[in-house]
Amino acid sequence: MPKILFIQPTQYGADHRLCKQKKIYLPGLVFPLLAAMTPPHWDVEVKIEVVDPVDFETDADIVGIGTMGYAIYRGIEIAGEFRKRGKLVVMGGYMASLVAERALEFVDSVVIGDAEVSYPMMLQDFEKNRQLRRIYHHPVAHLKGLPIPRYELLLEKPIGNMLPVQAGRGCTHTCSFCSIASLYDGKYITRPVDEVMRDIQRVRDLGFKRFYLLDDNIVSNPGFLKTLCKEIEPMKMKWASQCTLLLAKNSDLLEWVVRSGGEMMSFGIESITQEGLDKMDKSWLHVNEHKELIRTLSKAGILVSSEMMLGTDSDTEQSIRATYDFIRETGIPIPRFYILTPTPGSPLYDTIKSENRLLTEDLKEFDGSKCVFQPARISPEKLNEMYWWLYKKVYTWRGILKRTILNRAVLKRPSLYLFALAVNIHYRSYIRKKVPPNIF
């Protein structure tokens, strides 16, 4: 029986030690989905390195390495160890997809983007004793007929109280920094509602009362989301996802999201300066509306999580200090920050490189916590300093308690804000080690 081993690498902290956790609160979907697409005569094993050790003496015929974010660099290291042992190593995921030619220096093959066509083709090539192609790149036109993910592979691991479900892929916006925009070019591909509901029912049958829709922007198609919410409502489940602040402008859709059990959303706020948003092709978002939109979401019953970037061409030391004030005033329960990083393959990268502003092309430095280019109004050294200043300032015990269990909204949803408290404590532990808290 042939065997494939899937590995999701973790990443290194500032102390050069691998980041580890006792539990995965938001496990990914790609490996359970690929496992469901694997012919039954194949054996499938999944290792998520943040909780699992990697067995380099595996008997697997193929090693498939995911590249979620900057863990790609640990993935390269893992690939090298397996290739020393004569294993076939394949990489996939958005980071490897964007830098496929570089990734091929370390692996036998790269699957770019969607895997629904590429993955079965790769297995067929192996079974027919054909040499694997260096690149498999077959974008999908639709997402109909996907199998139910093999969630049992996640249940073997210590996980939280939610399982992942996907309703669609991509995003209708084309922000210059975004890897998703680079891969999907402004497209949002939805799955049939009945198939999404089938997967949610499977999550429920497994005993879970919560799920999360891991779409890149769940409000990309408001009509689709409203239809989906109407189907979810009778199930009496709770769910989370990520989207844009534009949800707050659609009162009808927001009402349906909350009615159907939507309780926590992650929003890409990015910047508190309009110039910063404009220069990242995100001018459709208006900074003078940020606070009101966040209040609208909170009042409706949504726990707000946010992502913001430091180092746009409008940023100064003063604007970063003002970002702290913004978080304090809005009381966003779960804020996250990144240093603006020009991901290879994105329009932002092309622009910065053409302007001779890249400080390095060593991709190991492109981890979202180091400045790798020359910003317009702040030095790279000061930006790095202010990044950690902001994180430490936001994640003081006083700040954490004020945003969570002392938040006005805690009385409406106490269990949700206790969860936010746990997330904040978890993030604080990473920040103290100078590790960006993007593992959860």
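The coordinates are above.
None of these values were measured; they are calculated from a predicted model. Once a new chain begins, its residue numbering starts again from 1 and follows that chain's sequence as written. Whole-chain, interface and lining totals are the exception, using all residues; otherwise, since this is a predicted model, local features are given only for residues with pLDDT of at least 70 and side-chain atom pairs are given and counted only at 80 or more. Hydrogens are left out, water is left out, and the side-chain values use all remaining heavy atoms of the structure.

Attention shifts here to the layout of surface pockets. Counted as a void, the largest pocket has a volume near 750 Å³. Put simply, DSSP marks the helices as runs of H or I at least four residues long and the strands as runs of E at least two long, and each gets a number from the N terminus on. Sorting the residues of the lining of the largest pocket by element identifies α12 (290-300), β13 (303-310), α13 (317-330), α15 (380-394) and α16 (397-403) as the ones contributing at least two each. The rule is simple: put a 1 Å grid over the protein atoms alone, call a set of points where a 1.4 Å probe fits but cannot get out a cavity, call an open set with protein on both sides within 12 Å along at least five of seven lines a pocket, and count a residue as lining if it has an atom within 4 Å of a point. Grid points are joined across faces, edges and corners, and a volume is the space filled by probe spheres set on the points. Quantified by volume, the second largest pocket comes out at close to 520 Å³. Lining the second largest pocket are 19 residues; nearest its centre among them are Tyr 12, Gly 13, Lys 364, Asp 367 and Lys 370. Here the lining of the second largest pocket is built from residues that sort into eight nonpolar, four polar and seven charged. Gly counts as polar in this scheme, as do all residues outside two lists: the nonpolar Ala, Val, Leu, Ile, Met, Phe, Trp, Tyr, Cys and Pro, and the charged Asp, Glu, Lys and Arg.

Attention now goes to the pairing of strand β4 (residues 88-92). Three labels apply to residues, based on accessible area from a 1.4 Å probe with only protein chains included: buried if under 20% of the type maximum, exposed if over 50%, partly exposed otherwise in between. Of all the five residues making up β4, four are buried; the element is thus mostly covered by neighbouring parts of the structure. Two strands are said to pair when DSSP picks up at least two bridges between them. Note that strand β3 (residues 62-66) and β4 share five bridges and pair parallel. Within the sheet, the bridge partner assigned to Ile 62 lies in β4 and is Leu 88. Throughout, right-handed denotes a crossover for which the path from the first strand over the helix to the second runs clockwise when the strands point away from the viewer. Between the parallel elements β3 and β4, the chain passes through helix α2 (residues 72-84) in a crossover that is right-handed. Strand direction decides the pairing type here: β4 and strand β5 (residues 109-112), joined by two bridges, are parallel. Across the sheet, residue Val 90 finds its bridge partner in β5, namely Ser 109.

We now examine the environment of Lys 209. Here Lys 209 shows up in the loop between α8 (193-205) and β10 (210-213). Taking the relative accessible area as the measure of exposure, Lys 209 reaches 67% and is therefore exposed. Here the alpha-carbon distance between Lys 209 and Leu 163, two residues 46 residues apart in the chain, equals 9.3 Å.

Any two of the Phe, Tyr and Trp rings considered here, Trp counted by its six-membered ring, make a pair once their centres fall within 6.5 Å; the pair's planes then place it as stacked at under 30 degrees, edge-to-face at over 60, or tilted in between. Applying the stated criterion across every chain, the model contains twelve aromatic pairs. A ring pair is formed by Tyr 391 and Tyr 395, whose centres lie 5.9 Å apart and whose planes are at 50°; its orientation type is tilted. You can call Tyr 391 buried: its relative accessible area is 1%. An aromatic cluster is built from Phe 337, Tyr 387, Trp 388, Tyr 391, Tyr 395 and Tyr 427, whose rings are joined through pairwise contacts.

Below, the discussion takes up the sheet that holds β13. Taken in spatial order, the six strands line up as β7-β10-β11-β12-β13-β14 in an open sheet, and their pairing is parallel. Where the open sheet ends on each side, the last strands, each with one partner, are β7 (162-165) and β14 (334-339). On average, adjacent strands in this sheet sit at an angle of 20° to one another, irrespective of strand direction. In this structure, strand β11 (residues 238-243) lies alongside strand β12 (residues 262-270), joined through five bridges in parallel fashion. By the bridge assignment for β12, Trp 239 is matched with Gly 262. Note on contacts: a residue pair is in contact if any heavy atoms of the two residues lie within 4.5 Å. With axes taken as lines fitted to C-alpha atoms, and helix axes fitted only over the stretch in contact, angles between N-to-C directions fall between 0 and 180 degrees. Seen against the sheet, α15 touches β13 and β14 and runs at an angle of roughly 170° to β14.

Let's shift gears to α12. Listing the buried residues of α12 in full gives His 290, Leu 293, Ile 294 and Leu 297. Summarising the axial view, the buried residues of α12 lie within an arc of 100°, below the 170-degree limit, and thus occupy one face. Residues of α12 that are exposed and angled more than 90 degrees away from the buried face: Arg 295 and Lys 299. Packed against the buried residues of α12 are α10 (251-259), β12, α11 (274-279), β13 and α13. Within two residues after α12, Gly 301 carries a phi angle of roughly 115°, on the positive side. Starting at the helix axis, one direction is taken to each C-beta atom, and the arc is that of these directions.

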